[in-house]
Each structure stands twice: as C-alpha cells, then as structure tokens.
Amino acid sequence: FFWGSFDLALTRYSGRPADPPPGADPIMRASTDAEQIAAGWWPGDGRLEVPTFFAYAYPKPEGIEDAELLPAGAAWSADLGEFLLPYETVRRAEDPRQSLLAFLRSTYEAGARLGRWDPALVD
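Each chain has its residues counted from 1, following the order in which its sequence is written. Only residues with pLDDT of at least 70 get local features here, since the model is predicted, and only at 80 or more are side-chain atom pairs given and counted; chain-wide, interface and lining totals rely on the full set of residues. Water and hydrogen atoms were dropped before computing side-chain values, which therefore reflect all heavy atoms in the structure.

Draft legend 1. Quick look at helix α3 (residues 96-114). In this model α3 runs 27 Å from its N-terminal to its C-terminal C-alpha over 19 residues, within 8% of the 27 Å that 1.5 Å per residue would give. To sort residues, take the accessible area from a 1.4 Å probe on protein chains only and compare it with the maximum for the residue type: under 20% means buried, over 50% means exposed, and anything in between is partly exposed. Numbered from the N terminus, helices here are DSSP runs of H or I no shorter than four residues, and strands are runs of E no shorter than two. Those residues of α3 that sit buried are S99, A102, F103, S106, T107, Y108, A110, G111 and A112. Between two residues, a contact is recorded if the distance between any of their heavy atoms is within 4.5 Å. Looking at the buried side of α3, the elements it contacts are β1 (8-17), β2 (34-42), β3 (52-58), β5 (82-86), α2 (87-92) and α4 (119-122). Phi for R116, located one or two positions after α3, is positive at around 55 degrees. For a helix, the expected span equals 1.5 Å multiplied by the residue count minus one.

Listed below in structure tokens is the structure:
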C-alpha cells in the first residue's frame, strides 16, 4: 500500500523541493514535497476500473500531456493527470517486457526533459 492506495510504484526524485498542491491533505503534503517522477502498476478503482500501468511527474511540467509516448496504447489522462498504459495492452503485446519498458522510458524521459532535471539523473 502506497500513500493510502493499493499500487506498486517506484519514484525518482530530482533533489529539489516542491510545493504540495493547495488544499492538500496530510498524505498529499508529505508525498508531494519534492520533485519526482513515479511509475507503477495499479489495479484500478472507481475512477478507472481496469488494471493499469501509470506514470507521472510532480509538479506537472508544462506540456507533458503532449509528450510522445511508447508503445501504442499509452496515453495521457486529463482526468487523472498522468500517463496510463492498460495492463491488457501490455499483456497482449508481442513482447510485453519491451512494451512496458518503452512506456517507462518514454514517460520518464518526458518528465525529466520537460521538468529540466539534471541530465546526469536521466542517464
């Protein structure tokens, strides 16, 4: 369980502080006090009822929703404010491992580039 939700995630931090969103509850204040790029898997809930891989950058870099993503089927969710790749898309891919790695790489690179992270953190 991560920050009150059921998901499996990995988060990378830039080393720079960030301001939590206005009106953030205690969990959100603690989890958004530093610049980060996170990715993981989530079984879904009432907002999205299918298992999904996700990725996001916080704070959201300007223009990230227009980033070119891999593989086909990955998309930005304006409702959730993050990238999504349905588990079923990965499961049915010719090479599921490469499909998932392409998603993780493309979303991380977009977040790091648009967030102006130190290039040494990206390599």
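Picking up where we left off.
Draft legend 2. The side chain of T32, seen in detail. Relative to the elements of secondary structure, T32 occurs in the loop between α1 (26-31) and β2. Looking at T32, the relative accessible area reads 6%, which means it is buried. Polar contact is the term for a pair of N or O atoms within 3.5 Å; when the atoms are in protein, one must be able to donate a hydrogen and the other to accept it, and sequence-neighboring residues count only if both atoms are side-chain atoms. Side-chain polar atoms of T32 contact the backbone oxygen of M28, separated by 2.5 Å. If near-sequence neighbours (up to four positions away) are discounted, T32 is found in contact with A18, D19, P20, P21 and Y58.

Draft legend 3. Structural view of the confidence of the model for the protein chain. The pLDDT score gives, residue by residue, the confidence of the prediction method on a 0 to 100 scale. The predicted model of the protein chain has a mean per-residue pLDDT of 92, with 95% of residues at 70 or higher. When pLDDT is averaged over each helix and strand of the protein chain, the minimum, 82, is found for α4 and the maximum, 98, for β5.

Draft legend 4. Summary view of the pattern of salt bridges. Salt bridges are counted wherever a side-chain nitrogen of Lys or Arg sits within 4 Å of a carboxyl oxygen of Asp or Glu. What the rule picks out here adds up to 5 salt bridges. Between K60 and E65 there is a salt bridge, with the nearest N and O atoms lying 2.9 Å from each other. You can call K60 partly exposed: its relative accessible area is 44%. By relative accessible area, which is 31% here, E65 ends up partly exposed.

Draft legend 5. Representation of the packing of aromatic side chains. Working definition: rings of Phe, Tyr and Trp (its six-membered ring) pair if their centres are within 6.5 Å, and the pair is stacked with planes under 30 degrees apart, edge-to-face with planes over 60 apart, and tilted otherwise. Throughout the structure, instances matching the rule amount to 4 aromatic pairs. Arranged with centres 6.2 Å apart and planes meeting at 35 degrees, the rings of F53 and Y87 form a pair that is tilted. Within this pair, whereas F53 is found in strand β3, its partner Y87 is found in helix α2, the two being separated by 34 residues in sequence. Taking relative accessible area as the criterion, F53 reaches 11% and is therefore assigned buried. Classification of Y87 as partly exposed rests on a relative accessible area of 36%. Charge-over-ring placement is defined geometrically: NZ (Lys) or CZ (Arg) within 6 Å of the ring centre, and within 35 degrees of the ring normal. One cation-aromatic arrangement involves R12 over Y108; the distance from NZ or CZ to the ring centre is 4.5 Å.

Draft legend 6. Broad picture of the sheet that holds strand β4 (residues 75-77). Criterion used throughout: strands pair if DSSP finds at least two bridges between them. Taken in spatial order, the 5 strands of this open sheet run β1-β2-β3-β5-β4, and their pairing is antiparallel. Single-partner strands in this sheet number two, and they are β1 and β4. When strand polarity is set aside, the average angle formed by the axes of neighbouring strands in this sheet is 20 degrees. Against the sheet, α3 engages β1, β2, β3 and β5, with an angle of about 15 degrees to β3. Angles shown run from 0 to 180 degrees and are taken between the N-to-C directions of axes, each axis being a line fitted to C-alpha atoms and, for helices, limited to the stretch in contact.

Draft legend 7. Focus on unusual backbone geometry. Residue P59 is reached from Y58 by a cis peptide bond, and omega for that bond is -10 degrees. Here P59 shows up in the loop between β3 and β4. Cis geometry is found at the peptide bond from L70 to P71, where omega equals -10 degrees. When you line up the elements, P71 lands in the loop between β3 and β4. Backbone geometry places R116, a non-glycine residue, at a positive phi of 55 degrees. Position of R116 relative to the elements: it lies in the loop between α3 and α4.

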